Amino acid sequence: MTKIIDGKEFAQKIRNQVKEDSDRLLQNHKVQPCLAVVLVGENPASKVYVGAKTKMAAECNIITKDFKMEDTTDQATVLKVIDELNNDPHVHGILVQLPLPKQIDERAVIDAIDVKKDVDGFHAINAGRLSIGGEMLKQAFIPCTPLGSLLLLKDTLPNLSGLNAVVVGRSNIVGKPMSQLLIQESCTVTIVHSRTKNIEALCAQADIIVAGVGRPEMIKSDWIKKDAVIIDVGINRIPTIKSDGSEGTKIVGDVDYQDVFEKSSAITPVPGGVGPMTIACLLRNTVTSAYRHSGQADPRGTFDIK
Ligand code: GUN
């Protein structure tokens, strides 16, 4: 029987903990965690994500401050906002929603964020800490989508040591940090991408596949080994014909869910898999940052989910 990995339920569990930790900090130290969210432009998907982050933050008693800017905003203006947020003692987390409009250098903006407030974990120093691992990882913020994916994976397979993991995609947001996390779990990690030769054959050797490429339903059943565990990070909107015959759209992952289901031992659905975990981990990082800024120890360890 294939297990459906329920990210929605798991994310709710994390958010309950985040709320407890947030409430405790307010009660004991009079500090309420605060996340600043910077959105430049009108990307429809980004607006949806930012809306969801704001709503769920409120449910965890985390304050959000929204900074919405025009599509034509120049880099200096964004950097000025970042500088103000870096210097605002009430702000514990800064998130700049990506992608940014093309006139803005994404790396320059991300690296302008105070590394201690970089709750997305995209700053070069946080990426370096993740890569080095060990004690360094304890001061880092881990990018939210890979962290959420790993938490689901460890809940399904508690011991990942020695397993073959294939990460499909090499982005800074998903593929690269995911591969670092899996290396730290002692997996044997292969990263495949658009230029990889024999991509199907490499995937077919994997005990674990983590797919984050943004190609709708690319991974088919003949790409996977029997009983592989599949973590699908993809969120792709594709056209569909609705039950009443009208045209509409639906959300699918990078994995062909129907096709792969029987052959896998466990799989994340899309939606309802990794997606909700990303926001839960962002809120968790924000509360952790608020604890650190108040001189308190982290409220719990990275993998401490009850
Ligand atoms: N765009 C897509 N995913 C993310 C994310 O996790 N954080 C930010 N800031 N932007 C994104």
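Each chain carries its own residue numbering, running from 1 in the direction its sequence is written. Owing to the predicted nature of the model, reporting of local features is limited to residues with pLDDT of at least 70; listing and counting of side-chain atom pairs is limited to 80 or more, with chain, interface and lining totals taken over all residues. Hydrogen atoms and water are omitted, and side-chain values are computed over all heavy atoms in the structure.

Visitor: When you look at the pairing of strand 4 (residues 93-96) in this model, what are you seeing that I'm missing?
Guide: On a regular strand, one side chain projects to one face of the sheet and the next to the other, so that they alternate. The alternating pattern of strand 4 places Gly 93 and Leu 95 and Ile 94 and Val 96 on opposite faces, both of which are buried. Paired strands, in this sense, are two strands between which DSSP finds at least two bridges. To qualify as a helix, a DSSP run of H or I must reach at least 4 residues; to qualify as a strand, a run of E must reach at least 2; elements of each kind are numbered from the N terminus. As paired strands, strand 2 (residues 34-40) and strand 4 are joined by four bridges and run parallel to one another. Paired with Val 37 across the two strands is Leu 95, which belongs to strand 4. Only protein chains enter the area calculation, which uses a 1.4 Å probe; residues under 20% of their type maximum are buried, those over 50% are exposed, and those in between are partly exposed.

Visitor: How do you make sense of the sheet that holds strand 4 when you look at a structure like this?
Guide: Paired through their backbone hydrogen bonds, the strands of a sheet run either parallel or antiparallel. Spatial strand order, 3-2-4: three strands in an open sheet with parallel pairing. Each of the sheet's edge strands pairs with one partner strand only, and the pair in question is strand 3 (63-69) and strand 4. Across the sheet, the mean angle from the axis of one strand to that of its neighbour is 15 degrees, orientation sign disregarded. In this structure, strand 2 lies alongside strand 3, joined through seven bridges in parallel fashion. In the strand pairing of strand 3, Leu 39 is matched with Lys 68. By definition, residues are in contact when any of their heavy atoms lie within 4.5 Å. Only the stretch in contact is used when a helix axis is fitted, and all axes are lines through C-alpha atoms; the angle between N-to-C directions ranges over 0 to 180 degrees. Docked against the sheet, helix 2 (residues 44-59) engages strand 2, strand 3 and strand 4, running at close to 165 degrees with respect to strand 2. Packing against the sheet, helix 3 (residues 75-86) makes contact with strand 2, strand 3 and strand 4, and its axis sits at approximately 165 degrees to strand 3.

Visitor: Is there a simple way to think about the site of the ligand in this case?
Guide: Residues in contact with the ligand, as listed here, are Leu 95, Val 96, Gln 97, Leu 98, Asp 120 and Phe 122. A 3.5 Å cut-off defines polar contacts: any pair of N or O atoms within that distance qualifies, except that in protein one atom must be a possible hydrogen donor and the other a possible acceptor, and neighbouring residues in sequence count only when both atoms are side-chain atoms. Contacts to the ligand include Gln 97, whose side-chain N or O atom sits 3.4 Å from a nitrogen atom. One nitrogen or oxygen atom from the main chain of Leu 98 is found 3.0 Å from a nitrogen atom belonging to the ligand. In these tables, accessible area is a Shrake-Rupley quantity obtained with a 1.4 Å probe, and a residue counts as shielded only by the protein chains included in the view. Considered on its own, the ligand offers 280 Å² of accessible surface; in the complex 84% of this is hidden by protein. A per-class count over the shell around the ligand returns four nonpolar, one polar and one charged. Near residues are defined by distance, with any heavy atom within 4 Å of the molecule or strand qualifying the residue. The nonpolar class holds Ala, Val, Leu, Ile, Met, Phe, Trp, Tyr, Cys and Pro. Asp, Glu, Lys and Arg form the charged class, and all remaining residues, Gly among them, are polar.

Visitor: Teacher, can you tell me more about the side chain of Thr 286 here?
Guide: Within the secondary structure, Thr 286 is located in helix 11 (residues 274-293). A polar contact of 2.9 Å, which involves the side chain of Thr 286, links it to the backbone oxygen of Leu 282. Apart from residues no more than four positions distant in its own chain, Thr 286 is found in contact with Cys 34, Leu 35, Ile 62, His 92 and Val 119.

Visitor: I tried to follow the packing of helix 1 (residues 7-29) against helix 11 on my own but got confused; where do I start?
Guide: Geometry of a packed helix pair, given as the angle between the helix axes and the separation of the axes. With their axes 9 Å apart at the nearest point, helix 1 and helix 11 run at an angle of 15 degrees to one another. In terms of orientation, helix 1 and helix 11 fall into the roughly parallel class. Two packed elements cross with a definite hand, and for helix 1 against helix 11 that hand is left-handed. Two secondary-structure elements touch here, helix 1 through Gly 7, Lys 8, Phe 10, Ala 11, Ile 14, Arg 15, Gln 17, Val 18, Asp 21, Ser 22, Arg 24 and Leu 25 and helix 11 through Pro 276, Met 277, Ala 280, Leu 283, Arg 284, Val 287, Ala 290 and Tyr 291. Any angle from 65 to 115 degrees is called roughly perpendicular, while one under 35 is roughly parallel, one over 145 is roughly antiparallel, and all others are oblique. Helix crossings are classified by the rotation of the near helix relative to the far one: an anticlockwise turn of less than a right angle makes the crossing left-handed, while a clockwise turn makes it right-handed.

Visitor: Looking at this structure, how should I read the environment of Ser 46?
Guide: Its place among the elements puts Ser 46 in helix 2. A C-alpha to C-alpha distance of 6.7 Å links Ser 46 and Gln 97, two positions 51 residues apart in sequence.

Visitor: I tried to follow the pattern of salt bridges on my own but got confused; where do I start?
Guide: Side-chain pairs of opposite charge can arise where the charged atoms are in close proximity. Salt bridges are defined by distance alone: a side-chain nitrogen of Lys or Arg within 4 Å of a carboxyl oxygen of Asp or Glu. Under the criterion given, the structure shown has 16 salt bridges. A salt bridge links Lys 55 to Glu 59; the shortest N-O distance between them is 3.4 Å. On the criterion of helical spacing, the pair formed by Lys 55 and Glu 59 is a turn pair, its members being four residues apart in helix 2. Note that Glu 185 and Lys 154 form a salt bridge whose closest N and O atoms lie 2.8 Å from each other. Taken together, the positions of Glu 185 in the loop between helix 8 (175-184) and strand 6 (188-192) and Lys 154 in helix 7 (residues 144-156) put the pair 31 residues apart, joining distant regions of the chain. Classification of Glu 185 by relative accessible area gives buried; the value is 16%. Salt bridges here are not isolated pairs; linked through shared partners, they connect Glu 20, Asp 21, Arg 24 and Arg 300.

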